[in-house]
Amino acid sequence: MKTKILVTGGAGFIGSEFLRQALGKSYKAIVVDKLTYAGDLERLKEIDGKYRFYKIDICDKAKIDSIFKKERPEAVIHFAAETHVDRSIKDAFSFIETNIKGTFILLDASRKYKVKKFIHISTDEVYGDIEKGRFSENSALKPNSPYAASKAAADLLLKAYIRTYSFPGIIVRPSNNYGPWQYPEKLIPLAVSQVLRNKKIPVYAKGKNIREWLYVQDCAKAIIKVLEKGRIGEIYNIGSNQERQNIAVVKDILKILGKKENLIQFVKDRPGHDIRYRLSSGKITKETGWRPSVNFEQGLKYTLNWCKEHKEWLLTRNLR
Ligand SMILES: NC(=O)c1ccc[n+]([C@@H]2O[C@H](COP(=O)([O-])OP(=O)(O)OC[C@H]3O[C@@H](n4cnc5c(N)ncnc54)[C@H](O)[C@@H]3O)[C@@H](O)[C@H]2O)c1
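Now for a description of the structure that goes with this document. (Residues numbered from 1 in each chain as written. Predicted model: local features only at pLDDT ≥ 70, side-chain atom pairs only at ≥ 80, totals over all residues.)

Considering the packing of helix α4 (residues 93-112) against helix α5 (residues 146-165)
Phase 1: Orientation of α4 relative to α5, taken along the N-to-C sense of each, is 20 degrees, at an axis distance of 8 Å. In terms of orientation, α4 lies roughly parallel with respect to α5. The element α4 and its partner α5 pack so that their crossing is right-handed. Residue-level contacts link Phe-95, Ile-96, Asn-99, Ile-100, Thr-103, Phe-104, Leu-107 and Arg-111 of α4 to Pro-146, Tyr-147, Ser-150, Lys-151, Ala-153, Ala-154, Leu-157, Leu-158, Tyr-161 and Tyr-165 of α5.
Phase 2: In terms of residue class, the contact of α4 with α5 is made up of 13 nonpolar, three polar and two charged. (Axes fitted to C-alpha atoms, helices over the stretch in contact; angles between N-to-C directions. Helix = DSSP H or I, 4+ residues; strand = E, 2+ residues; numbered from the N terminus. Parallel < 35°, antiparallel > 145°, perpendicular 65-115°, else oblique. Left-handed = near helix turned anticlockwise from the far one by under 90°. Contact = placed C-beta atoms within 7 Å. Nonpolar A, V, L, I, M, F, W, Y, C, P; charged D, E, K, R; others polar.)

Here you go:
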(Lines give C-alpha, C1' and ligand atoms only; values in the text may rest on other atoms or scores of the structure.)
Protein backbone atom coordinates (compact mmCIF):
# COMPACT_ATOMS: atom_id res chain seq x y z
CA MET A 1 0.00 0.00 0.00
CA LYS A 2 1.29 3.44 -0.93
CA THR A 3 1.41 6.16 1.73
CA LYS A 4 -0.84 9.12 0.94
CA ILE A 5 0.97 12.42 1.35
CA LEU A 6 -0.33 15.96 0.99
CA VAL A 7 2.28 18.28 -0.49
CA THR A 8 1.79 22.04 -0.27
CA GLY A 9 3.68 24.24 -2.72
CA GLY A 10 4.22 21.24 -5.00
CA ALA A 11 4.24 23.47 -8.10
CA GLY A 12 7.23 25.39 -6.72
CA PHE A 13 10.93 24.83 -7.27
CA ILE A 14 11.81 22.38 -4.47
CA GLY A 15 8.30 20.94 -4.00
CA SER A 16 8.16 19.83 -7.65
CA GLU A 17 11.52 18.05 -7.40
CA PHE A 18 10.36 16.39 -4.20
CA LEU A 19 7.21 15.15 -5.99
CA ARG A 20 9.15 13.76 -8.96
CA GLN A 21 11.26 11.73 -6.54
CA ALA A 22 8.53 10.72 -4.06
CA LEU A 23 6.12 9.48 -6.74
CA GLY A 24 8.81 7.12 -7.99
CA LYS A 25 8.84 5.64 -4.50
CA SER A 26 6.06 4.30 -2.31
CA TYR A 27 3.99 7.47 -2.09
CA LYS A 28 0.83 8.81 -3.69
CA ALA A 29 0.39 12.54 -3.55
CA ILE A 30 -2.22 15.25 -3.23
CA VAL A 31 -0.84 18.64 -4.22
CA VAL A 32 -2.18 21.90 -2.81
CA ASP A 33 -0.84 25.05 -4.46
CA LYS A 34 -2.21 28.54 -4.99
CA LEU A 35 -0.13 28.96 -8.16
CA THR A 36 1.27 32.37 -7.29
CA TYR A 37 3.77 33.97 -9.69
CA ALA A 38 6.28 31.38 -8.32
CA GLY A 39 4.08 28.32 -8.86
CA ASP A 40 4.06 26.61 -12.24
CA LEU A 41 2.52 23.30 -13.33
CA GLU A 42 5.08 23.11 -16.17
CA ARG A 43 7.49 21.88 -13.53
CA LEU A 44 5.27 18.82 -13.02
CA LYS A 45 4.71 17.94 -16.68
CA GLU A 46 6.89 14.84 -16.39
CA ILE A 47 4.56 13.39 -13.75
CA ASP A 48 1.26 14.62 -15.19
CA GLY A 49 -1.70 12.48 -14.12
CA LYS A 50 0.25 10.86 -11.28
CA TYR A 51 -0.98 13.20 -8.53
CA ARG A 52 -4.23 14.95 -7.59
CA PHE A 53 -4.06 18.73 -7.78
CA TYR A 54 -5.99 21.38 -5.87
CA LYS A 55 -5.49 25.04 -6.72
CA ILE A 56 -6.03 26.38 -3.22
CA ASP A 57 -4.61 29.06 -0.95
CA ILE A 58 -3.37 27.51 2.31
CA CYS A 59 -4.85 30.55 4.09
CA ASP A 60 -8.35 29.44 3.05
CA LYS A 61 -9.36 27.58 6.21
CA ALA A 62 -12.66 26.18 4.92
CA LYS A 63 -11.14 24.80 1.71
CA ILE A 64 -8.14 23.33 3.53
CA ASP A 65 -10.47 21.65 6.00
CA SER A 66 -12.56 20.14 3.20
CA ILE A 67 -9.46 18.75 1.43
CA PHE A 68 -8.22 17.10 4.63
CA LYS A 69 -11.71 15.72 5.30
CA LYS A 70 -11.97 14.28 1.80
CA GLU A 71 -8.40 13.07 1.29
CA ARG A 72 -7.31 12.06 4.81
CA PRO A 73 -3.57 12.31 4.12
CA GLU A 74 -1.24 10.28 6.33
CA ALA A 75 1.57 12.82 6.12
CA VAL A 76 1.92 16.48 5.14
CA ILE A 77 5.03 17.95 3.53
CA HIS A 78 4.73 21.71 3.77
CA PHE A 79 6.71 23.64 1.13
CA ALA A 80 4.21 26.40 0.30
CA ALA A 81 5.60 29.81 1.14
CA GLU A 82 6.47 33.23 -0.14
CA THR A 83 10.21 32.78 -0.58
CA HIS A 84 12.00 35.79 -2.01
CA VAL A 85 13.81 37.99 0.53
CA ASP A 86 13.80 41.10 -1.70
CA ARG A 87 10.04 40.91 -2.13
CA SER A 88 9.60 40.57 1.65
CA ILE A 89 11.63 43.77 2.13
CA LYS A 90 9.40 45.65 -0.33
CA ASP A 91 6.16 44.34 1.17
CA ALA A 92 5.93 41.61 3.81
CA PHE A 93 2.13 41.25 3.83
CA SER A 94 1.85 38.03 1.80
CA PHE A 95 4.81 36.57 3.74
CA ILE A 96 3.01 37.03 7.04
CA GLU A 97 -0.22 35.67 5.55
CA THR A 98 1.12 32.57 3.82
CA ASN A 99 4.15 31.69 5.90
CA ILE A 100 2.58 32.23 9.32
CA LYS A 101 -1.23 32.15 9.01
CA GLY A 102 -1.16 29.55 6.23
CA THR A 103 1.12 27.30 8.28
CA PHE A 104 -1.17 27.70 11.29
CA ILE A 105 -4.21 26.65 9.23
CA LEU A 106 -2.37 23.56 7.99
CA LEU A 107 -1.24 22.65 11.51
CA ASP A 108 -4.79 22.87 12.81
CA ALA A 109 -6.22 20.77 9.98
CA SER A 110 -3.43 18.21 10.41
CA ARG A 111 -4.17 17.96 14.12
CA LYS A 112 -7.92 17.68 13.59
CA TYR A 113 -7.59 14.93 10.97
CA LYS A 114 -4.83 13.11 12.86
CA VAL A 115 -2.01 13.31 10.34
CA LYS A 116 0.81 10.97 11.41
CA LYS A 117 3.74 13.14 10.28
CA PHE A 118 4.00 16.82 9.39
CA ILE A 119 7.26 17.94 7.80
CA HIS A 120 7.73 21.69 7.81
CA ILE A 121 10.22 23.04 5.29
CA SER A 122 11.98 25.86 7.11
CA THR A 123 15.28 27.51 6.09
CA ASP A 124 18.83 28.17 7.29
CA GLU A 125 17.90 31.86 7.26
CA VAL A 126 15.98 31.53 10.56
CA TYR A 127 19.33 31.45 12.40
CA GLY A 128 20.45 34.80 10.99
CA ASP A 129 24.04 35.08 9.77
CA ILE A 130 27.33 33.79 11.17
CA GLU A 131 30.79 35.10 10.28
CA LYS A 132 32.68 32.01 11.48
CA GLY A 133 31.60 28.49 12.42
CA ARG A 134 28.27 26.81 11.76
CA PHE A 135 24.73 26.78 13.06
CA SER A 136 23.52 23.61 14.77
CA GLU A 137 19.88 22.67 15.23
CA ASN A 138 20.13 24.11 18.76
CA SER A 139 21.34 27.54 17.67
CA ALA A 140 19.11 30.49 18.58
CA LEU A 141 16.65 31.86 16.04
CA LYS A 142 17.79 35.36 15.01
CA PRO A 143 16.17 36.06 11.66
CA ASN A 144 17.08 39.31 9.91
CA SER A 145 14.71 39.72 6.95
CA PRO A 146 10.90 39.80 7.04
CA TYR A 147 11.03 36.53 5.03
CA ALA A 148 13.31 34.82 7.57
CA ALA A 149 11.24 36.18 10.48
CA SER A 150 8.03 34.79 8.98
CA LYS A 151 9.68 31.36 8.58
CA ALA A 152 11.03 31.46 12.14
CA ALA A 153 7.54 32.35 13.43
CA ALA A 154 6.16 29.26 11.69
CA ASP A 155 8.91 27.12 13.24
CA LEU A 156 8.00 28.39 16.71
CA LEU A 157 4.33 27.69 16.14
CA LEU A 158 5.13 24.14 15.08
CA LYS A 159 7.37 23.65 18.11
CA ALA A 160 4.53 24.84 20.34
CA TYR A 161 2.19 22.31 18.70
CA ILE A 162 4.70 19.53 19.26
CA ARG A 163 4.99 20.38 22.94
CA THR A 164 1.36 21.27 23.65
CA TYR A 165 -0.50 18.68 21.59
CA SER A 166 2.19 16.00 21.09
CA PHE A 167 1.82 16.98 17.44
CA PRO A 168 3.85 14.74 15.08
CA GLY A 169 5.90 17.56 13.59
CA ILE A 170 9.43 17.65 12.20
CA ILE A 171 11.29 20.76 11.01
CA VAL A 172 13.92 20.69 8.25
CA ARG A 173 16.19 23.67 7.54
CA PRO A 174 17.82 23.47 4.12
CA SER A 175 20.52 25.87 2.94
CA ASN A 176 20.39 27.82 -0.36
CA ASN A 177 19.01 25.57 -3.10
CA TYR A 178 19.80 25.81 -6.79
CA GLY A 179 19.07 23.63 -9.82
CA PRO A 180 16.57 23.14 -12.65
CA TRP A 181 13.24 25.01 -12.55
CA GLN A 182 14.27 27.70 -10.07
CA TYR A 183 12.43 30.96 -10.65
CA PRO A 184 14.79 33.54 -12.18
CA GLU A 185 14.62 36.04 -9.35
CA LYS A 186 17.10 33.96 -7.30
CA LEU A 187 20.83 34.52 -7.91
CA ILE A 188 21.82 31.63 -10.20
CA PRO A 189 18.87 31.50 -12.63
CA LEU A 190 18.70 35.30 -12.60
CA ALA A 191 22.37 35.56 -13.58
CA VAL A 192 22.00 32.94 -16.32
CA SER A 193 18.88 34.52 -17.78
CA GLN A 194 20.50 37.97 -17.78
CA VAL A 195 23.49 36.54 -19.67
CA LEU A 196 21.21 34.77 -22.15
CA ARG A 197 19.58 38.17 -22.84
CA ASN A 198 22.96 39.91 -23.00
CA LYS A 199 22.09 42.07 -20.04
CA LYS A 200 24.06 42.99 -16.92
CA ILE A 201 23.91 40.79 -13.82
CA PRO A 202 23.08 42.79 -10.68
CA VAL A 203 25.28 41.80 -7.71
CA TYR A 204 24.69 43.30 -4.26
CA ALA A 205 27.52 45.43 -2.79
CA LYS A 206 30.79 43.69 -3.71
CA GLY A 207 29.28 40.21 -3.81
CA LYS A 208 31.13 39.05 -0.69
CA ASN A 209 28.09 37.43 0.94
CA ILE A 210 28.50 33.70 1.41
CA ARG A 211 25.87 31.01 0.93
CA GLU A 212 25.99 27.23 1.32
CA TRP A 213 24.80 25.94 -2.06
CA LEU A 214 22.68 22.78 -2.05
CA TYR A 215 21.64 21.05 -5.28
CA VAL A 216 17.84 20.72 -5.33
CA GLN A 217 17.88 16.96 -6.02
CA ASP A 218 20.00 16.43 -2.91
CA CYS A 219 17.60 18.58 -0.89
CA ALA A 220 14.56 16.57 -2.07
CA LYS A 221 16.38 13.31 -1.25
CA ALA A 222 17.08 14.59 2.25
CA ILE A 223 13.42 15.44 2.81
CA ILE A 224 12.37 11.94 1.69
CA LYS A 225 14.91 10.46 4.13
CA VAL A 226 13.42 12.58 6.91
CA LEU A 227 9.93 11.46 5.91
CA GLU A 228 11.09 7.84 6.16
CA LYS A 229 13.44 7.96 9.13
CA GLY A 230 13.18 11.35 10.86
CA ARG A 231 12.18 11.41 14.51
CA ILE A 232 9.03 13.24 15.55
CA GLY A 233 9.72 16.51 17.37
CA GLU A 234 13.19 16.91 15.88
CA ILE A 235 14.88 19.55 13.71
CA TYR A 236 17.26 18.61 10.89
CA ASN A 237 19.64 20.99 9.13
CA ILE A 238 20.25 20.15 5.46
CA GLY A 239 23.50 21.66 4.20
CA SER A 240 25.98 20.82 1.48
CA ASN A 241 29.38 21.99 2.80
CA GLN A 242 29.71 23.91 -0.47
CA GLU A 243 30.31 27.51 0.59
CA ARG A 244 30.75 30.18 -2.08
CA GLN A 245 30.77 33.96 -2.20
CA ASN A 246 28.05 35.33 -4.50
CA ILE A 247 30.67 36.99 -6.69
CA ALA A 248 32.49 33.66 -7.14
CA VAL A 249 29.22 32.03 -8.20
CA VAL A 250 28.56 34.74 -10.79
CA LYS A 251 32.12 34.55 -12.13
CA ASP A 252 31.83 30.75 -12.45
CA ILE A 253 28.60 31.20 -14.44
CA LEU A 254 30.23 33.72 -16.78
CA LYS A 255 33.23 31.44 -17.27
CA ILE A 256 31.09 28.40 -18.12
CA LEU A 257 28.96 30.46 -20.53
CA GLY A 258 32.08 31.97 -22.12
CA LYS A 259 31.21 35.57 -21.23
CA LYS A 260 33.27 38.45 -19.88
CA GLU A 261 33.16 39.78 -16.33
CA ASN A 262 32.10 43.22 -17.56
CA LEU A 263 28.55 41.85 -17.51
CA ILE A 264 28.68 42.16 -13.70
CA GLN A 265 27.00 45.26 -12.30
CA PHE A 266 27.50 45.96 -8.60
CA VAL A 267 24.37 47.49 -7.09
CA LYS A 268 23.48 49.05 -3.71
CA ASP A 269 23.42 46.39 -1.00
CA ARG A 270 20.19 44.74 0.17
CA PRO A 271 19.07 46.26 3.50
CA GLY A 272 20.01 44.00 6.41
CA HIS A 273 21.85 41.63 4.05
CA ASP A 274 23.05 38.50 5.86
CA ILE A 275 26.81 38.05 5.49
CA ARG A 276 27.18 34.30 5.69
CA TYR A 277 25.08 31.19 6.32
CA ARG A 278 26.60 27.88 7.27
CA LEU A 279 24.98 24.78 8.72
CA SER A 280 26.30 21.81 10.58
CA SER A 281 24.43 18.88 9.02
CA GLY A 282 25.87 15.89 10.88
CA LYS A 283 22.57 15.05 12.58
CA ILE A 284 20.65 14.18 9.41
CA THR A 285 23.56 12.07 8.14
CA LYS A 286 23.88 10.23 11.43
CA GLU A 287 20.17 9.53 11.82
CA THR A 288 19.03 8.93 8.24
CA GLY A 289 22.18 8.16 6.27
CA TRP A 290 21.60 11.10 3.89
CA ARG A 291 24.55 13.02 2.57
CA PRO A 292 24.81 15.40 -0.40
CA SER A 293 26.01 13.76 -3.61
CA VAL A 294 26.42 16.69 -6.02
CA ASN A 295 29.28 19.14 -5.55
CA PHE A 296 28.89 22.76 -6.59
CA GLU A 297 30.90 22.53 -9.82
CA GLN A 298 28.86 19.55 -11.07
CA GLY A 299 25.56 21.02 -9.91
CA LEU A 300 26.25 24.35 -11.58
CA LYS A 301 27.08 22.64 -14.88
CA TYR A 302 23.86 20.58 -14.77
CA THR A 303 21.89 23.73 -13.94
CA LEU A 304 23.41 25.79 -16.73
CA ASN A 305 22.79 23.02 -19.27
CA TRP A 306 19.20 22.82 -18.09
CA CYS A 307 18.85 26.60 -18.40
CA LYS A 308 20.12 26.53 -21.98
CA GLU A 309 17.69 23.73 -22.84
CA HIS A 310 14.80 25.61 -21.19
CA LYS A 311 15.74 29.09 -22.37
CA GLU A 312 12.20 30.02 -23.31
CA TRP A 313 10.80 29.08 -19.90
CA LEU A 314 13.53 31.00 -18.16
CA LEU A 315 13.33 34.12 -20.26
CA THR A 316 9.56 34.39 -20.13
CA ARG A 317 9.77 34.33 -16.31
CA ASN A 318 12.56 36.89 -15.97
CA LEU A 319 10.65 40.11 -15.38
CA ARG A 320 13.61 42.51 -15.35
N1 LIG B 1 14.83 27.88 -2.47
C2 LIG B 1 15.65 27.83 -1.43
O3 LIG B 1 16.85 28.07 -1.59
C4 LIG B 1 15.15 27.44 -0.06
C5 LIG B 1 16.09 27.19 0.94
C6 LIG B 1 15.63 26.81 2.20
C7 LIG B 1 14.28 26.67 2.44
N8 LIG B 1 13.38 26.92 1.44
C9 LIG B 1 11.96 26.73 1.75
O10 LIG B 1 11.51 25.66 0.92
C11 LIG B 1 10.15 25.86 0.54
C12 LIG B 1 10.03 25.81 -0.97
O13 LIG B 1 10.88 26.81 -1.53
P14 LIG B 1 10.93 27.05 -3.11
O15 LIG B 1 12.20 27.72 -3.42
O16 LIG B 1 10.56 25.79 -3.81
O17 LIG B 1 9.74 28.11 -3.27
P18 LIG B 1 9.01 28.64 -4.58
O19 LIG B 1 8.84 30.10 -4.37
O20 LIG B 1 9.66 28.15 -5.81
O21 LIG B 1 7.58 27.91 -4.52
C22 LIG B 1 6.63 28.19 -3.55
C23 LIG B 1 5.34 27.48 -3.94
O24 LIG B 1 4.36 27.75 -2.94
C25 LIG B 1 3.15 28.15 -3.58
N26 LIG B 1 2.42 29.05 -2.68
C27 LIG B 1 2.81 30.29 -2.27
N28 LIG B 1 1.86 30.82 -1.46
C29 LIG B 1 0.88 29.90 -1.36
C30 LIG B 1 -0.36 29.86 -0.65
N31 LIG B 1 -0.79 30.89 0.09
N32 LIG B 1 -1.11 28.75 -0.74
C33 LIG B 1 -0.71 27.69 -1.51
N34 LIG B 1 0.43 27.68 -2.21
C35 LIG B 1 1.22 28.78 -2.12
C36 LIG B 1 3.58 28.84 -4.86
O37 LIG B 1 2.55 28.88 -5.83
C38 LIG B 1 4.77 27.97 -5.27
O39 LIG B 1 4.35 26.87 -6.05
C40 LIG B 1 9.74 27.20 1.15
O41 LIG B 1 9.04 26.94 2.34
C42 LIG B 1 11.06 27.91 1.43
O43 LIG B 1 10.93 28.80 2.52
C44 LIG B 1 13.79 27.31 0.19
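Description of the sheet that holds strand β2 (residues 27-33)
The strands making up a sheet associate through backbone hydrogen bonding, with each pair oriented either parallel or antiparallel.
Phase 1: Reading across from one edge, β3-β2-β1-β4-β5-β6-β10 is the order of the seven strands in this open sheet, with parallel pairing throughout. The strands lining the two open edges of the sheet, one partner per strand, are β3 (51-55) and β10 (235-238). Within this sheet the neighbouring strands show an average axis-to-axis angle of 20 degrees, counted without direction.
Phase 2: Pairing analysis gives four bridges linking strand β5 (residues 117-121) to strand β6 (residues 169-174), with the strands arranged parallel. Across the sheet, Phe-118 pairs through a bridge with Gly-169, a residue of β6. (Pairing = 2+ DSSP bridges.)

Structural notes on the nonpolar core
The nonpolar side chains of a soluble globular protein tend to be buried, and buried together.
Phase 1: By size, the foremost hydrophobic cluster in this structure holds 83 residues, and its most contacted members are Val-7, Ile-77, Ile-119, Val-172, Ile-223 and Val-226.
Phase 2: Take this core: its biggest share by element is eight residues, from α5.
Phase 3: Here this core gathers at least three residues from each of two domains, domain 1 (3-177 + 214-238) and domain 2 (184-211 + 242-279 + 295-315). (Core = buried A, V, L, I, M, F, W, Y, C linked by C-beta atoms within 7 Å. Buried ≥ 20, exposed ≤ 12 C-beta atoms within 10 Å, placed from the backbone. Domains from an automatic or database assignment.)

Focus on the site of the ligand
Phase 1: Taken together, 30 residues form the shell around the ligand, and within it Gly-9, Gly-12, Phe-13, Gly-39 and Ala-81 come nearest.
Phase 2: Only α1 (13-23), α4 and β7 (176-178) provide two or more residues apiece to the shell around the ligand.
Phase 3: The leading source of residues in the shell around the ligand is α1, at three residues.
Phase 4: Split by residue class, the shell around the ligand holds 13 nonpolar, 12 polar and five charged. (Near = placed C-beta within 6 Å.)

A closer look at unusual backbone geometry
Phase 1: Phi is positive for Arg-72, which is not a glycine, with a value near 45 degrees.
Phase 2: Take Arg-72: it is sitting in the loop between α2 (61-71) and β4 (75-78).
Phase 3: Despite not being glycine, Lys-114 shows a phi value in the positive range, around 55 degrees.
Phase 4: Tracing the backbone through its elements, the reader meets Lys-114 in the loop between α4 and β5.
Phase 5: On the basis of neighbour count, Lys-114 is assigned to the exposed category, with 10 C-beta atoms found within 10 Å.

Concerning the sheet that holds β7
Phase 1: Here three strands make up an open sheet; going across it, the order is β7-β9-β11 and the pairing mixed. Every other strand in the sheet has two partners, leaving β7 and β11 (243-245) as the edge strands with one partner each. Strand after strand, the sheet turns through a mean of 50 degrees between neighbouring axes, direction not considered.
Phase 2: Summarising the sheet, strand β9 (residues 210-215) and β11 pair through three bridges and their orientation is antiparallel. Bridge pairing in β11 places Arg-211 opposite Arg-244.
Phase 3: Of the strands in this sheet, β7 and β9 are in contact with helix α7 (residues 216-229), which crosses β9 at around 70 degrees.

Here's the deal with the pairing of β6
Phase 1: When you tally the buried positions in β6, you get six out of six residues, the bulk of the element.
Phase 2: Every second residue of β6 is oriented toward a common face, with Gly-169, Ile-171 and Arg-173 on one face and Ile-170, Val-172 and Pro-174 on the other, all of them buried.
Phase 3: Taking the sense of rotation as the criterion, the β-α-β connection linking β5, α5 and β6 turns out right-handed.
Phase 4: In terms of strand pairing, β6 meets β10 through four bridges, oriented parallel. For Ile-171, the partnering residue across the bridge sits in β10 and is Ile-235. (Right-handed = clockwise from strand over helix to strand, strands pointing away.)

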